Amino acid sequence: MPEPELEKDFSLEGSMPEGAAPLESIVCTEELHRRPSRPPDFEKENRALVALVTALSDSASTIFQTLAETILNVTKCDSAGLSLLTPDGGKRYYWPAIAGMLAPHLGGGTLMPVVPAAEECLLVPFYVDGKAVGTIWGIMHSDRRRFDSEDERILNSLGQFASVAYRTVASVDNLKVQIAARETAEAELRERATGLEARVRRLIDANLMGIFTWNLEGRIVEANETFLKMVQWGREDVGSAGMRWTDLTPEQWRARDELAVADLKAAGAMQPYRKEYFRKDGSRVPVLVGATLFEEGGNDGVAFALDLSEQERAEEAFRRVEEQARAIVDSALDAVVAMDAEGIITDWNKQAEETFGWTRPEALGRRMSDTIIPAQYRLSHERGLKHFFKTGEGPVLNRRIEITALRRDGTEFPVELAITPLKSGDTWTFSSFIRDITAPRQAQEDLRKAQAELAHVNRVMTMGELTASIAHEVNQPLAAILASGDSCTAWLGNEPPNLDRARAALGRITQAATQASEIVQRLRALFRKTTSLTTSVDVNAVIEDTISLVHHETQRHNIFLRTELTRGAPSVSGDRVQLQQVILNLAMNGIESVAGLDNEPKRLMIRSTLSNPGELLVSVEDTGVGIDAEHADRLFAPFFTTKPQGIGMGLPICRSIIEAHGGRLWAAKNEPRGAAFHFILPARAE
Amino acid sequence: MSDPKSIVFVVDDDPLLRDSVADLLGAAGWTVQTFGSATQFIQSPRPDVSACLVLDVELPDLSGLDLQIELAKSGAGMPIVFLTGRGDIPMSVRAMKAGAVGFLTKPFRKEELFDAIHEALLRDVEVRKERLESEELRKRLGTLTPRERQVLALVVTGLLNKQIAGELGTTEETIKVHRGRVMSKMGAGSLAELVRMAEKLKVSS
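A. Summary view of the overall build of chain B. Tallying secondary structure elements over chain B gives nine helices and five strands in all. Reading chain B from its N end, one meets helices and strands in the order β-α-β-α-β-α-β-α-β-α-α-α-α-α. The buried share among the 205 residues of chain B stands at 35%. Partitioning the contacts of chain B with sequence separation of at least 6, the portion at a separation of at least 24 is 60%.

B. Representation of the overall build of chain A within the structure. Of regular secondary structure, chain A possesses 20 helices and 23 strands. The buried share among the 686 residues of chain A stands at 34%. For chain A, contacts bridging at least 24 residues in sequence account for 58% of all contacts bridging at least 6.

C. Looking closely at the sheet that holds strand β7 (residues 210-215) of chain A. Residues and elements named next belong to chain A. On the basis of which strands lie adjacent, the open sheet formed by five strands has the order β8-β7-β11-β10-β9 and antiparallel pairing. The outermost strands of the open sheet, each flanked by one partner alone, are β8 (220-223) and β9 (273-278). Pairs of neighbouring strands in the sheet enclose a mean axial angle of 35°, with direction left out of account. Examined bridge by bridge, β7 and strand β11 (residues 300-307) share six bridges and lie antiparallel to one another. Opposite Ile211, over in β11, you have Phe304 as the bridge partner. The strands that helix α9 (residues 251-267) touches are β9, β10 (284-293) and β11; relative to β9, the one it contacts most, it runs at about 125°.

D. Spatial organisation of the sheet that holds strand β2 (residues 93-100) of chain A. Residue and element names in this part refer to chain A. Taken together, four strands build an open sheet; the order of strands is β2-β1-β6-β5 and the sheet is antiparallel. If you trace the sheet from one side to the other, it starts and ends with β2 and β5 (120-128), each paired once. For this sheet the average axis-to-axis angle between neighbouring strands, irrespective of direction, equals 20°. As paired strands, β5 and strand β6 (residues 131-140) are joined by nine bridges and run antiparallel to one another.

E. Quick peek at helix α3 (residues 64-73) of chain B. Residue and element names in this part refer to chain B. Along α3, the positions that sit buried rather than exposed are Gly64, Leu67, Gln68 and Leu71. Looking straight down α3, one finds its buried side chains confined to an arc of 105°; they lie on one side. More than 90 degrees from the buried face of α3, the exposed residues found are Asp66 and Lys73. In this structure, the buried residues of α3 make contact with α2 (38-43), β3 (51-56), β4 (80-84) and α4 (89-97). Directly beyond the C-terminal end of α3, a positive phi value near 75° is found at Gly75.

F. Quick look at the interface of chain B and chain A. In this complex, chain B contributes 18 residues to the contact, which on the side of chain A involves 23 residues. Per element, the largest residue contribution to the side of chain B that touches chain A is eight residues, and it comes from helix α1 (residues 15-27) of chain B. Split by residue class, the side of chain B that touches chain A holds nine nonpolar, two polar and seven charged.

G. Structural detail: the environment of Ile434(A). Residue and element names in this part refer to chain A. In this fold, Ile434 is placed in strand β16 (residues 427-436). Exposure remark for Ile434: the 21 C-beta atoms within 10 Å place this residue in the buried category. Taking the C-alpha atoms as reference points, Ile434 and Ile403, separated by 31 residues in sequence, lie 9.8 Å from one another. When neighbours within four sequence positions are excluded, Ile434 is seen to be in contact with Asp334, Ala335, Val337, Thr355, Ala405, Val415 and Leu417.

H. Looking closely at the pairing of β11(A). Residue and element names in this part refer to chain A. Among the eight residues of β11, six are classified as buried, and the element is accordingly described as predominantly covered. Pairing of β10 with β11, which is carried by seven bridges, proceeds in the antiparallel orientation. Bridge pairing links Ala291 to Ala303 in β11. Following β10, the chain reverses through six residues before pairing antiparallel with β11; Gly297 in that reversal takes a positive phi of roughly 80°.

I. Main features of the packing of helix α18 (residues 539-556) of chain A against helix α19 (residues 576-595) of chain A. Residue and element names in this part refer to chain A. Between α18 and α19, the shortest axis-to-axis distance is 9 Å and the interhelical angle comes to 40°. Here α19 runs oblique to α18, going by the angle between their axes. For α18 against α19, the interelement crossing comes out right-handed. Packed against α18, whose contacting residues are Val539, Val542, Ile543, Asp545, Thr546, Leu549, Val550, Glu553 and Thr554, the element α19 presents Arg576, Leu579, Gln580, Ile583, Leu584, Ala587, Met588 and Ile591 at the interface.

J. Spotlight on the packing of α19(A) against helix α20 (residues 650-660) of chain A. Residues and elements named next belong to chain A. At a minimum axis distance of 10 Å, the contact between α19 and α20 shows a crossing angle of 145°. The crossing of α19 and α20 is left-handed. In this structure, α19 contributes Gln578, Gln581, Val582, Asn585, Leu586 and Asn589 to the contact, and α20 contributes Gly650, Cys654, Ile657 and Ile658. Residue classes in the contact of α19 with α20 are distributed as five nonpolar, five polar and no charged.

K. Region of the structure containing the environment of Met197(B). Residue and element names in this part refer to chain B. Mapping Met197 onto the fold places it in helix α9 (residues 191-201). Here Met197 falls in the buried class, since 21 other C-beta atoms lie within 10 Å of it. Distance in space between the C-alpha atoms of Met197 and Met186 is 8.4 Å, their sequence separation being eleven residues.

L. Main features of the environment of Leu506(A). All names here are of chain A. Among the secondary structure elements, Leu506 is positioned in helix α17 (residues 499-527). Judged by C-beta crowding, with 14 C-beta atoms within 10 Å, Leu506 ranks as partly exposed. Through-space distance from the C-alpha of Leu506 to that of Ser487 is 9.4 Å; in sequence the pair is 19 residues apart.

M. How the structure looks around helix α5 (residues 110-143) of chain B. Residues and elements named next belong to chain B. The end-to-end C-alpha separation of α5 is 49 Å, in line with the 50 Å expected for 34 residues at 1.5 Å each. Residues of α5 that are buried: Leu113, Ala116, Ile117, Ala120, Leu121 and Asp124. Looking at the buried residues of α5, the elements they touch are β1 (7-11), β3, β4 and β5 (102-105).

N. Layout of the confidence of the model for chain B. Confidence in the prediction of chain B, expressed as mean pLDDT, is 86, and 95% of residues score 70 or more. With pTM at 0.43, the complex prediction returns an ipTM value of 0.74.

O. Quick peek at unusual backbone geometry. Residues and elements named next belong to chain A. Residue Glu495 is joined to Pro496 through a cis peptide bond whose omega torsion reads -5°. Tracing the backbone shows Pro496 in the loop between α16 (467-493) and α17. The omega angle of the peptide bond from Glu671 to Pro672 is 0°, so this bond is cis rather than trans. Positionally, Pro672 belongs in the loop between β22 (664-669) and β23 (675-682). Even without being glycine, Lys76 reaches a positive phi, approximately 55°. The topology assignment puts Lys76 in the loop between α3 (63-75) and β1 (79-85).

P. Up close: the nonpolar core. If you look at the biggest cluster of nonpolar residues, it comprises 73 residues, and the most contacted ones within it are Leu67(A), Ala68(A), Ile71(A), Cys121(A), Ile136(A), Ala162(A) and Ala305(A). Beyond its immediate chain neighbours, meaning those up to four positions away, Ala68(A) contacts Ala80(A), Gly81(A), Leu82(A), Ala97(A), Ile98(A) and Ala99(A). Residues Ala502(A), Trp30(B), Ala100(B) and Phe103(B) belong to the second largest nonpolar core, which totals 52 residues.

Reading guide: rules and limits
- Residues numbered from 1 in each chain as written.
- Chains lettered and ligands numbered in written order.
- Predicted model: local features only at pLDDT ≥ 70, side-chain atom pairs only at ≥ 80, totals over all residues.
- Helix = DSSP H or I, 4+ residues; strand = E, 2+ residues; numbered from the N terminus.
- Buried ≥ 20, exposed ≤ 12 C-beta atoms within 10 Å, placed from the backbone.
- Contact = placed C-beta atoms within 7 Å.
- Pairing = 2+ DSSP bridges.
- Axes fitted to C-alpha atoms, helices over the stretch in contact; angles between N-to-C directions.
- Arc of directions from axis to C-beta.
- Nonpolar A, V, L, I, M, F, W, Y, C, P; charged D, E, K, R; others polar.
- Parallel < 35°, antiparallel > 145°, perpendicular 65-115°, else oblique.
- Left-handed = near helix turned anticlockwise from the far one by under 90°.
- Expected span 1.5 Å × (residues − 1).
- pLDDT = per-residue confidence, 0-100.
- Core = buried A, V, L, I, M, F, W, Y, C linked by C-beta atoms within 7 Å.

Rendered as structure tokens:
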């Protein structure tokens, strides 16, 4: 059935008694949706509706007042009421019912001059046949509570009832008018309008809800369209055809029915309750039923039935969504922790229980900073929060950061943390996803150690290849020391001692000893198992040091080693020993590739250039045999080697070192022949 | 302990070690002359006195071993004491085979160096003496007539005068005269001495 077109152009605000609710106090739907809300309370809503329906069947004249009180009751507001447009089609309102704090100020549909101020006003219009006829509303006169979307939902539902009630009352009022107008019909009509049966008849005919009359034997005497539609039976099935409410009731609800019948027999009334009826096709429809006997101790009565399927579906859907959300949050591998604007924990999932050692009930309501933030970071946490509220900026928000967290037992551990701020209403909620990265950190650390170990082995092996050169490097000054020592002794033994020559010899000893200790120092760094030490490194100096290590090797093989170092090249940030290892490895590779050449020029070139601003490029180029195309893609693979004694870890280690420094290492062809290895390192930010 | 008339040449590219070795040898009384590279050494004139060479194996231009070969080829060979930074057996074998006197690994004791230099200089004296001797013999050999050379060649093979006469188609008497001239021209006191000289000169028929 298409929705009737709703009238839009009437003044909603005007429905408020003048002075009772200033414009700015009226809260709009969007605002409500931003606020945190209670979950829907369908049970409460049902109870209210049943009470209203019962009241309507009981006394139409007081139904508006009952409605106002119901609003007051379910929304826990301070004042509530119903505004109706004057029936002349005009735009004026009058107030047939007001409850709560405003009630004493209302007399005969007009408001007294002094009224309590409104903090917030929630207003819902209602319609009859698409025409706005009035509004229902609630007012908070203080800020002890604020409306939420659940209030709005219930008010909407009550608005629909108001529309029903309006029609009922209007028909009663109509009758009154008619009575007044047509004297002759008055008596008859009054008789019909005042009797209980007449009122029930009106309700039945209004088809606002399923209504049927019944007797204690189980028969349904009469039923309205709504009820028949609800159970999908036809009019012809009712009455003499023998449609029985007992037959409509599934086995499991019989006992509950008997209880209700017992109540009816004893007190003439019963609590409405939820049950199911069979439809004609055997499926079931959930309903809320309430019943009453026409007269105490009688056999016949009337019952209403509200179809709950729609509502139960909605409830079920809501429950499912909530369950799913909970399940997702609980099954999340990350700890999920939510915090409100005051820093109080408002959510805590299973993983959070495991990660931090606080159970959900224990954690909820605690201060977030006292619970999971180590003492030394709390101040900056509070400061950051304050800064966020002031400026809306949060450098740690909406991205993954690594930080230290606190367990219940006081231990601290590394976590990956992502915080998402959520605005609801004008307040904030912060959801944090926290992952314990102790294990990955450890793994990373182990890997780093293993790599360092391997790098050390590689260094020692490379140095092993250099033993001859190293021995020469050290033995050279040692030989000078020994020789000069002996000659010094000889000069002193002369008669008279030749002191000048002895002094000169001692000078050479000092010089040679200094040379030797410098060499040893250079070597020691390479042999040491160092943990990575990041400093500012002058790459040119590292290249020069490396050359002094391989100098002898190049000489031995008659290799022409040349360098082109860019003066004033920026330094890089990194580990000197590791970078020297890379250059040494590349230089040794180059030496090996040209050493075996017979008639070709044996050249090795080491260059440093400023490739891009902020990037230092180091190249080691040789005129050797070059890289076979078939090896090119495996060059950097671990354990790939073309050397008989190689273990194939040199280049992979070099690459991992360069990459750990934020750079790149690659191989290329050297022109006109040979291979070239290049690496780029980011210059150190000054 | 050292002969000031002989010279020790030191060739090493490391100035510190070169100076130290030169100073040590100088303190011991030797006359020392130093060079920074093989080329420098080859190009400089050398006095005609007994000498030896203290040579670093690892030189930047021409390696010590190559210099050894070069010197031998040019007939200016002299006893060499090699110095090296690393004990490399194949290299030392090669050097010794080519006539090196010593192969010292740095750092070395002065006694090792001195002993090697002594031996080298002694050997140089020997060599020089032999060189002089063979030059003298060659001079004497040059004074023989072709006939006398023929006779010499046959005498040192151990033939009798009669057999030589038969070989050359002349009389025993004539051979006797030739033989006497050969003995006196060569300055040999006995046949045995003449045979030794012929061996040295590699005279053959």
